[in-house]
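Chain residues, written in single-letter form:
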Amino acid sequence: MPPRQLGWGDPRPPRPCTPARVAAAGAGPDLLFMPRLRGGFGDRPLTVFLSTLTPKFYVALTVTSSLISGLILGFEWWYFRKYGTSFIEQVSVSHLRPLIGGVENSPPTPSFPTSNGENETNRQNLSECKVWRNPLNLFRGAEYSRYTWVTGKEPLTYYDMNLSAQDHQTFFTCDTDSLRPSDTVMQKAWRERNPQARIKAAHQALELSNDCATAYVLLAEEEATTIVDAEKYFKQALKAGESVYRKSQNCHSQSPQHEAQLRRDTNVLVYVKRRLAMCARKLGRIREAAKMMRDLLKEFPLFSMLNIHENLLEALLELQAYAEVQAVLAKYDDISLPKSAAICYTAALLKARAVSERFSPETASKRGLSAAEINAVEAIHRAVEFNPHVPKYLLEMKSLILPPEHILKRGDSEAVAYAFFHLQHWKRIEGALNLLHCTWEGTFRMIPYPLEKGHLFYPYPSCTETADRELLPTFHDVSVYPQKELPFFIHFTAGLCSFSAMLALLMHQFPELMVVFAKSVISSHRTCPVSP
């Protein structure tokens, strides 16, 4: 009897179970419909295409991929050295992550400290990120400009010079400048960006009044091409400044405007005397310079924020008057006063001086450290914790440049300024640099996480790198602490570039063999047999 046709209500009989059908069902619907999607022609077009490729195509492909990955690696490395982060990672986090539904980085919510100690820590961190005037800054006309003439490089950044312009307007101007035509001209001169325009304005102010002290100051700083010429201008500024200062003292109590004028005249007088002492130091009259700085500290004790004692320390070290240096440190190396690299490293130098001549690392490892050597090592660790960038300059592991006009305490800019003037004092004491070389790296073992916890000082501020890059010229390799690890994408692009370069080399040396290998790899990925 012939089989009956199935109607709409009849159950459908089961289909025969074959191994091929079982394998296809296990592979999913894609494998079942693959012949239909391919149009039933199989893999002949792909096979024909691969057979027409020559070895030159594979060589060009691998060389191009190697070149592209090398360019990406170079850009990633430059971006990391300049900005301290990965460009690909930054773009991924900032732009791609929100597009694919990721959570954006929300700004940190302000935390409210629960103790006075935390308040003090926050204030200390803010003060350590403050930019300070370099107490040993050079003269623009006599020193910075000479460097530019010889090398063609600008030693000062725009940010540094802009801070100096703000300092000059704060120190050398007041509300009563409009009463004197010469002071009005100088008020505009300090705001000029062009050095020649500032010098021209200073000469105009002197034509209006020959007792304009600030005009002589500007000419000494920027027009004088030698220290001798600068000293002559400063002596004229001192004569004019003392006359105006005495007049302001007699009438400072008459009105608030006269009090502001007295503060301005006092600033000018202190600045001129300090620069005259620095001129004497540079011209070899060191005892005279030390005496002028002592007198200045006695006459104006409230101007400690200018760090005149650091100028005195450097002059006394040049005189090798170590007892007097110790006396100055006893006064200014106090827990209530702000620290500096000059204070910490000078204290370490004095303690190293007592033991450095007889110090030997081999002998010390056998018999142990004496009490004096332990004190010297602890002083070095204290100094390195305060500013970890200094030892590389003192040990000449990094090249020195001219110091900027402003420094960031605990930063690379302060290290450059300190080492520029004090390297000769460390070299003069026999064995001091050897002791520093043997012991300075031990500081980092005591502070494994400097950004989170400190030992003798507060945790190292995280703002130093950004500020130092603004203060130091672009041709200087800024020292970064703690050292940042290379981002993942730099490692990835380096591996990709190396791998593609190796493939290009192999393809160039063994073209036929590599073509056969490539075709076999493609064929193995194209044909994925399924076991029944």
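Residues numbered from 1 in each chain as written. Predicted model: local features only at pLDDT ≥ 70, side-chain atom pairs only at ≥ 80, totals over all residues. Heavy atoms only, no water.

**Some thoughts on the overall build of the chain**
Move 1: Across its full length, the chain carries 26 helices and two strands.
Move 2: Looking at the chain as a whole, 42% of its 532 residues are labelled buried.
Move 3: Looking at the chain alone, contacts between residues at least 24 apart form 70% of all its contacts between residues at least 6 apart.
Move 4: Approximately 31,000 Å² of the chain is accessible, and the part contributed by carbon and sulfur atoms is 59%. (Helix = DSSP H or I, 4+ residues; strand = E, 2+ residues; numbered from the N terminus. Buried < 20%, exposed > 50% of the residue type's maximum accessible area, 1.4 Å probe, protein only. Contact = heavy atoms within 4.5 Å. Areas by Shrake-Rupley, 256 points an atom, 1.4 Å probe, with all protein chains shown as cover.)

**A closer look at the pattern of salt bridges**
Pairing is possible between side chains that carry opposite charge, provided their charged atoms lie close to one another.
Move 1: Across all of its chains, the model carries 22 salt bridges by this definition.
Move 2: Residues glutamate 405 and arginine 140 are paired through a salt bridge, measuring 2.9 Å at the closest nitrogen-oxygen approach. Remark: arginine 140 occurs in helix H7 (residues 140–151) and glutamate 405 occurs in the loop between helix H20 (390–394) and strand S2 (406–408); sequence separation between them is 265 residues. Neither residue differs from the other here; glutamate 405 and arginine 140 are each classed as buried.
Move 3: For arginine 367, the salt bridge identified is with glutamate 373, shortest N-O distance 3.1 Å.
Move 4: Here the salt bridges do not stand alone but share partners, grouping Arg180, Asp183, Asp211, Arg264 and Asp265 into one network. (Salt bridge = Lys/Arg side-chain N within 4 Å of Asp/Glu carboxyl O.)

**Regarding the environment of arginine 281**
Move 1: Tracing the backbone through its elements, the reader meets arginine 281 in helix H13 (residues 256–282).
Move 2: C-alpha separation for the pair arginine 281 and leucine 312, spaced 31 residues apart in sequence, amounts to 10.0 Å.
Move 3: Look past the residues within four positions of arginine 281 in its chain and what remains in contact with it is Ile286, Ala289, Glu314, Ala315, Glu318 and Gln424.
Move 4: A distance of 2.9 Å separates the side chain of arginine 281 from the side chain of glutamate 314, its partner in a polar contact. (Polar contact = N/O pair within 3.5 Å; in protein donor to acceptor, adjacent residues only side chain to side chain.)

**What to know about the confidence of the model for the chain**
Move 1: Across the chain, the average pLDDT comes to 79, with 76% of residues at 70 or higher.
Move 2: Note that residues 19–41 has pLDDT below 50 and, in this model, 11 contacts with residues that lie over four places away or in other chains.
Move 3: Between residues 102–127, whose pLDDT stays under 50, and residues either more than four places distant or in other chains, the model counts 14 contacts. (pLDDT = per-residue confidence, 0-100.)

**Notes on the environment of serine 248**
Move 1: Structurally, the position occupied by serine 248 is in helix H12 (residues 227–251).
Move 2: Between the C-alpha atom of serine 248 and that of glutamine 261, which follows or precedes it by 13 residues, the distance is 6.8 Å.

**Things to note about unusual backbone geometry**
Move 1: Phi angles above zero are rare outside glycine, and asparagine 307 is one such case at about 60°.
Move 2: Its location among the elements puts asparagine 307 in the loop between helix H14 (286–299) and helix H15 (308–318).
Move 3: What makes asparagine 307 buried here is its relative accessible area of 7%.
Move 4: Even without being a glycine, glutamate 396 presents a positive backbone phi close to 60°.
Move 5: Within the secondary structure layout, glutamate 396 lies in the loop between H20 and S2.
Move 6: Judged by its relative accessible area of 52%, glutamate 396 falls in the exposed class.

**Structural notes on the nonpolar core**
Move 1: Counting residues in hydrophobic clusters, the biggest one holds 97 residues, and the most contacted among them are Met186, Phe234, Tyr345, Leu394 and Trp426.
Move 2: Filtering out sequence-adjacent residues up to four positions away, tyrosine 345 remains in contact with Ala383, Val384, Asn387, Val390, Pro391, Leu394, Tyr418 and Trp426.
Move 3: By size, the runner-up hydrophobic cluster in this structure holds six residues, among which are Leu138, Tyr144, Leu156 and Phe421. (Core = buried A, V, L, I, M, F, W, Y, C linked by side-chain atoms within 4.5 Å.)

**Quick look at H7**
At 3.6 residues per turn, the α-helix brings residues three or four places apart onto the same side.
Move 1: Among all positions in H7, only Arg140, Gly141, Ala142, Tyr144 and Thr148 are buried.
Move 2: Against the buried residues of H7 lie helix H8 (158–172), helix H10 (195–208), helix H11 (213–223) and H12.
Move 3: Just downstream of H7, glycine 152 is the residue with a positive phi angle, here 75°.

**Observations concerning the packing of aromatic side chains**
Move 1: Overall, the coordinates contain eight aromatic pairs when judged by the stated rule.
Move 2: Judged by centre distance (5.3 Å) and plane angle (40°), the rings of phenylalanine 172 and tryptophan 190 are tilted. Here phenylalanine 172 is found in helix H8, whereas its partner tryptophan 190 is found in the loop between helix H9 (181–189) and H10, with 18 residues between them in sequence. The residues phenylalanine 172 and tryptophan 190 share a single accessibility class, namely buried. (Phe/Tyr/Trp six-rings, centres within 6.5 Å; stacked < 30°, edge-to-face > 60°.)

**Brief notes about a nonpolar patch on the surface**
Move 1: A surface patch of nonpolar side chains, amounting to about 500 Å² of accessible area, comprises Phe499, Met502, Leu506, Phe510 and Leu513.
Move 2: At three residues, the largest contribution of residues to the nonpolar patch is made by helix H25 (residues 488–509).
Move 3: Assignment of secondary structure puts methionine 502 in helix H25. (Patch = residues over 30% accessible without salt bridge, like charges linked within 9 Å, V, L, I, M, F, W, Y side chains within 5 Å.)

**Let's talk about helix H17 (residues 341–353)**
Move 1: Under the 1.5 Å per step criterion, the end-to-end length of H17 is 18 Å for 13 residues, consistent within 8% with the ideal 18 Å.
Move 2: With 11 of its 13 residues buried, H17 lies for the most part within the structure.
Move 3: Where H17 is buried, its residues meet H15, helix H16 (322–332), helix H19 (371–386), H20, helix H21 (412–428) and helix H22 (432–439). (Expected span 1.5 Å × (residues − 1).)

**Side note on the packing of H13 against H14**
Move 1: Axis separation between H13 and H14 bottoms out at 7 Å; the angle between their running directions is 160°. Relative to H14, the element H13 lies roughly antiparallel. Crossing handedness for the pair H13 and H14: left-handed. Of the residues in H14, those in contact with Val270, Lys273, Arg274, Leu276, Ala277, Met278, Ala280 and Arg281 of H13 are Ile286, Glu288, Ala289, Met292, Met293, Leu296 and Glu299.
Move 2: Among the residues forming the contact of H13 with H14, the class breakdown is 10 nonpolar, no polar and five charged. (Axes fitted to C-alpha atoms, helices over the stretch in contact; angles between N-to-C directions. Parallel < 35°, antiparallel > 145°, perpendicular 65-115°, else oblique. Left-handed = near helix turned anticlockwise from the far one by under 90°. Nonpolar A, V, L, I, M, F, W, Y, C, P; charged D, E, K, R; others polar.)

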